[in-house]
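So the chains spell out like this:
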Amino acid sequence: MENEQISTTTHWADPDSFSLLLDKARQFAGEYIDGLEQRPVFPAELSLQAMDALDEPLPEEPSDPLMVLARLHEIGSPSAVAQTSGRYFGFVNGGMIPVALAAKWLADAWDQNTAHYVMSPINSRLEEICERWVVDLLLLPVGTAAGFVCGTTIANFSGLCAGRNELLRRRGWDVAKRGLYGAPRIRVIVGASAHAAVHKSISMLGLGTDNIEVVPADDQGRMLPDQMPKLDGGALVVAQVGNVNSGAIDPVGAVCQQAHAAGSWVHVDGAFGLWACVMPSMRHLCDGIEKADSWSVDAHKTLNVPYDSGMILCRSRDALTSAFKASASYFQWSEHRDGMNFTPSMSKRARVVELWAVLKSLGRRGVQQLVEQLCENARLFAQLLRERGFQIHNDIVFNQVLVSCEDDELTTALEARRKEADDPGERTVK
Ligand SMILES: *Cc1c(COP(=O)(O)O)cnc(C)c1O
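Thresholds, definitions, all that
Residues numbered from 1 in each chain as written. Predicted model: local features only at pLDDT ≥ 70, side-chain atom pairs only at ≥ 80, totals over all residues. Heavy atoms only, no water. Axes fitted to C-alpha atoms, helices over the stretch in contact; angles between N-to-C directions. Helix = DSSP H or I, 4+ residues; strand = E, 2+ residues; numbered from the N terminus. Parallel < 35°, antiparallel > 145°, perpendicular 65-115°, else oblique. Left-handed = near helix turned anticlockwise from the far one by under 90°. Contact = heavy atoms within 4.5 Å. Nonpolar A, V, L, I, M, F, W, Y, C, P; charged D, E, K, R; others polar. Buried < 20%, exposed > 50% of the residue type's maximum accessible area, 1.4 Å probe, protein only. Pairing = 2+ DSSP bridges. Right-handed = clockwise from strand over helix to strand, strands pointing away. Salt bridge = Lys/Arg side-chain N within 4 Å of Asp/Glu carboxyl O.

This part covers the packing of helix 7 (residues 152–170) against helix 9 (residues 196–204). Taken N-terminus to C-terminus, the directions of helix 7 and helix 9 make an angle of 50 degrees; their axes are 9 Å apart at the nearest point. Relative to helix 9, helix 7 is oriented oblique. In the packing of helix 7 onto helix 9, the handedness of the crossing is right-handed. Counted together, Thr-153, Asn-156, Phe-157 and Leu-160 of helix 7 and Ala-197, Val-198, Lys-200, Ser-201, Ile-202 and Met-204 of helix 9 form the full contact between these two elements. Among the residues making up the contact of helix 7 with helix 9, the classes are represented as 6 nonpolar, 3 polar and 1 charged.

Put into structure tokens, the structure is as follows:
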């Protein structure tokens, strides 16, 4: 019994087997990446069926780590979605810049917990640096605080949590202590084409999706500021920069003007679209975005940082950190940045590493080129599709193209043909 235990745990202590395992992972990853352009984007039916082999009872006994990894590659790699291939156009999903993956591997070997500075000084410094860099890149107010979260859903939650708490604090109500029971009413004002993630945050925050006051939107999904309800100091207003269907950007400046005159808080859901702020050519659409109180943005979409990587940016450092403060006798605060004060999480991985690597390697010029290329490609797609008789439903303002054939039947038939062309195996299985 004792011997058996030693034989499994010493894989971590034995440098030879540890490096063999890492070499294997590197080899398998290389095989996966090399095969990306020859495989269907969505896994072939046979690959999906092969996953059944993983569905076994919980193993009672240990297995050889090399065999575990080989099995994951054998079954897992073919059934992964080829999201990083050049042929992936699903959802608003990002690919991956190579240096980010390489940096992630290095940080994976560090395996840092980033709750406190004393747990990871390097993470703490990189968070400070990236906070400053992102604020500079997106032309947000100097001193804006950033929390590094897993994506925009949690970033929206965080921004709205900070806003809710701050609005209540101004009315003499400490919601962290007293909760929402008996609290002054908080209103939520949301555009008609807001993302589902906004509704999810509102439900998680106890504000109630039934209470949402919806602001009508134009045909591109842009909130109409002259149709906003009368605002007050208890209102959270959510604007959107980058509509998932059209790429459209709400007139955030006009929204902020009304909201701030009434003492409301404005949060911007800028998951993929906030990166438009880096483009001098798009400044006219982004005017006034910097006036908001908090912003969400993903690094894992437009910026092509590996999943999961998002940020909550908040003009008031106090509002953000007081929303997430916690205490325990064993906590180790320092004069430096303690990551857990900026996010709902305590323990989390050093996800800022990949963001730092991408920003360091691209620089402002590189980020601008990346975004410009996405927008150029969207314009080209729209032009080529239009020339071939497809209907384009949106103004191409960012990297979204909304396309259909002349009727739904033809659109569905074409979609099926495209799927077959991607995966010839589909035809025989159906
Ligand atoms: C993708 C997206 C979200 C959700 O972001 P996650 O990173 O998936 O949590 C929210 N809002 C908009 C506009 C989005 O495009």
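Moving on from the coordinates now.
As a further point, take the pairing of strand 4 (residues 235–240). With 6 of 6 residues buried, strand 4 lies mostly within the body of the structure. Taking every second residue as pointing to the same face, both faces of strand 4 are buried, with Ala-235, Val-237 and Ala-239 on one and Leu-236, Val-238 and Gln-240 on the other. As defined by bridge partners, strand 2 (residues 187–191) adjoins strand 4 across 4 bridges and the pair is classed as parallel. Note that in strand 4 the partner of Val-188 across the bridge is Leu-236. Here strand 4 pairs with strand 5 (residues 265–269) via 5 bridges, running parallel. Bridge pairing links Ala-239 to Val-268 in strand 5. Running through helix 10 (residues 252–261), the crossover from strand 4 to the neighbouring parallel element strand 5 is right-handed.

A few words on the pattern of salt bridges. With the rule as written, the count across this model stands at 22 salt bridges. Arg-364 is the salt-bridge partner of Asp-136, the closest N and O atoms lying 3.2 Å from each other. Here Asp-136 is found in helix 6 (residues 121–137), whereas its partner Arg-364 is found in helix 13 (residues 352–387), with 228 residues between them in sequence. Relative accessible area serves as the criterion here: at 41%, Asp-136 is assigned to the partly exposed category. Across the salt bridge formed by Asp-298 and Lys-301, the nearest N and O atoms sit 3.5 Å from each other. Like Asp-298, the residue Lys-301 is buried in the burial classification. What you see here is one network of salt bridges that share partners, running through Glu-127, Glu-131, Arg-317, Arg-337 and Lys-348.

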